[in-house]
Amino acid sequence: MQLVVKVLQGSELSFEVAPHHSIAHVKLLVKEKLDVLPAQQRLVLKGRTLSDDSTLKDNNIIDGTKLFLSIKKSTDSSSVNSHNSSDTTAVNPAGKNEQHSVLWIEMEKLLLRHFGKDDTGKILQHIKQEYKKQLSQLSLDDIERLAHVNLEAKRESG
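Residues numbered from 1 in each chain as written. Predicted model: local features only at pLDDT ≥ 70, side-chain atom pairs only at ≥ 80, totals over all residues. Heavy atoms only, no water.

**Student:** When you look at the overall build of the protein chain in this model, what are you seeing that I'm missing?
**Tutor:** Counting its regular elements, the protein chain contains five helices and five strands. Taken across its 158 residues, the protein chain has 27% of its residues classed as buried. (Helix = DSSP H or I, 4+ residues; strand = E, 2+ residues; numbered from the N terminus. Buried < 20%, exposed > 50% of the residue type's maximum accessible area, 1.4 Å probe, protein only.)

Structural data, given as structure tokens:
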């Protein structure tokens with residue numbers, strides 16, 4: 001099937017793909033044509049960023065669908081050179097992993113109050129998977145609404 005990728009403020013690219021291909025695979029095809037690392041690419045459909053591990057079929061992408069490509073600027077030139085062509089993980093901003101660690105540590109403490117160690121581990125793993133899934137499904141509109149609500153709450157409290 002034919003897939004069109006529109007580069008924001010740029011040209012359109014066409015690719016021959018199959019429904020079972022992953023978004024990561026599409027990013028590798030884009031890399032071949034544009035020489036942009038997959039970690040710097042963000043593919044968007046209907047305002048929603050597509051997850052690398054999902055397939056075209058998972059995202060209801062059919063023949064002739066147009067995806068929009070946003071290219072992230074590299075924050076560090078050495079990090080671009082250190083990525084290989086199969087790397088599809090974006091570089092996290094400083095401190096992000098620390099915030100997530102605190103979240104999961106506190107969640108584990110809470111669960112241990114109510115469950116045994118084995119059950120806590122299983123529950124925490126399930127929560128992490130669900131969290132990642134839900135986060136990847138947020139559209140740009142969802143993120144904008146969340147930001148607006150949080151800014152309003154800060155204005156009212158301060």
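What follows continues from the structure just given.
**Student:** What should I look at first to understand the sheet that holds strand β2 (residues 12–16) in this one?
**Tutor:** Within a sheet, each strand pairs with its neighbour through backbone hydrogen bonds, oriented either parallel or antiparallel. With mixed pairing, five strands are arranged side by side in an open sheet as β2-β1-β5-β3-β4. This sheet does not close on itself; its edge strands, each paired only once, are β2 and β4 (48–49). Where strand β1 (residues 2–7) meets β2, five bridges bridge the pair, whose relative direction is antiparallel. Counterpart to V4 in the pairing with β2 is S14. (Pairing = 2+ DSSP bridges.)

**Student:** Honestly, the pairing of strand β3 (residues 41–45) in this entry has me stumped. Any pointers?
**Tutor:** Look at any regular strand and the pattern is simple: side chains alternate between the two faces of the sheet. Of all five residues in β3, four are buried; the element is thus mostly enclosed. Of the pairings in the sheet, the one linking β3 to strand β5 (residues 66–71) comprises four bridges and is antiparallel in character. Across the sheet, V44 pairs through a bridge with F68, a residue of β5. Bridge analysis of β3 against β4 gives two bridges, and the strand direction is antiparallel. Each residue of the ladder has a partner; that of L45, found in β4, is R48. The turn linking β3 back onto β4 is made up of two residues, and K46 within it adopts a positive phi angle of 50°.

**Student:** How do you make sense of the packing of aromatic side chains when you look at a structure like this?
**Tutor:** Two aromatic rings, taken as a pair, are described by how far apart their centres are and by the angle between their planes. This model, assessed by the stated rule, comprises one aromatic pair. Ring centres of W104 and Y131 lie 5.4 Å apart, and the angle between their planes is 85°; this geometry places the pair in the edge-to-face category. With W104 in helix α3 (residues 96–112) and Y131 in helix α4 (residues 117–136), this residue pair connects regions lying 27 residues apart in the sequence. (Phe/Tyr/Trp six-rings, centres within 6.5 Å; stacked < 30°, edge-to-face > 60°.)

**Student:** Can you walk me through the nonpolar core in this structure?
**Tutor:** It is characteristic of soluble globular proteins that their nonpolar side chains tend to be buried jointly. Membership of the largest hydrophobic core comes to 17 residues, with the highest contact counts inside it found for L43 and I61. Among the elements of the structure, β1, β2, α1 (23–34), β3 and β5 are those that each provide at least two residues to this core. With residues up to four places along the chain from it excluded, the contact list for I61 reads M1, L3, I23, L45, L50, L56 and L67. (Core = buried A, V, L, I, M, F, W, Y, C linked by side-chain atoms within 4.5 Å. Contact = heavy atoms within 4.5 Å.)

**Student:** Where do I start with the pattern of salt bridges in this structure?
**Tutor:** Working definition: two side chains of opposite charge can pair if their charged atoms are close together. Taken as a whole and judged by the stated rule, the model has six salt bridges. For E106, the salt bridge identified is with K109, shortest N-O distance 3.3 Å. Here K109 and E106 lie together in helix α3, a separation of three residues that amounts to about one turn. In this structure, the salt-bridge partner of D142 is R145, at a minimum N-O distance of 2.5 Å. One end of the pair, D142, and the other, R145, are both in helix α5 (residues 140–157), three residues apart, so they sit about a helical turn from each other. Given a relative accessible area of 24%, D142 falls into the partly exposed group. (Salt bridge = Lys/Arg side-chain N within 4 Å of Asp/Glu carboxyl O.)

**Student:** Honestly, the environment of M107 in this entry has me stumped. Any pointers?
**Tutor:** Counting through the fold element by element, M107 comes out in helix α3. Classification of M107 by relative accessible area gives partly exposed; the value is 23%. As for M107 and I127, which are separated by 20 residues in sequence, their C-alpha atoms are 9.5 Å apart. Not counting residues up to four positions away in its chain, the partners in contact with M107 are L124 and I127.

**Student:** Would you take a moment to explain the side chain of T120 for this structure?
**Tutor:** Note on placement: T120 falls in helix α4. Take T120: its relative accessible area is 1%, and that puts it in the buried class. Residues within four places of T120 in sequence aside, it is in contact with E108, L111, L112 and F115.

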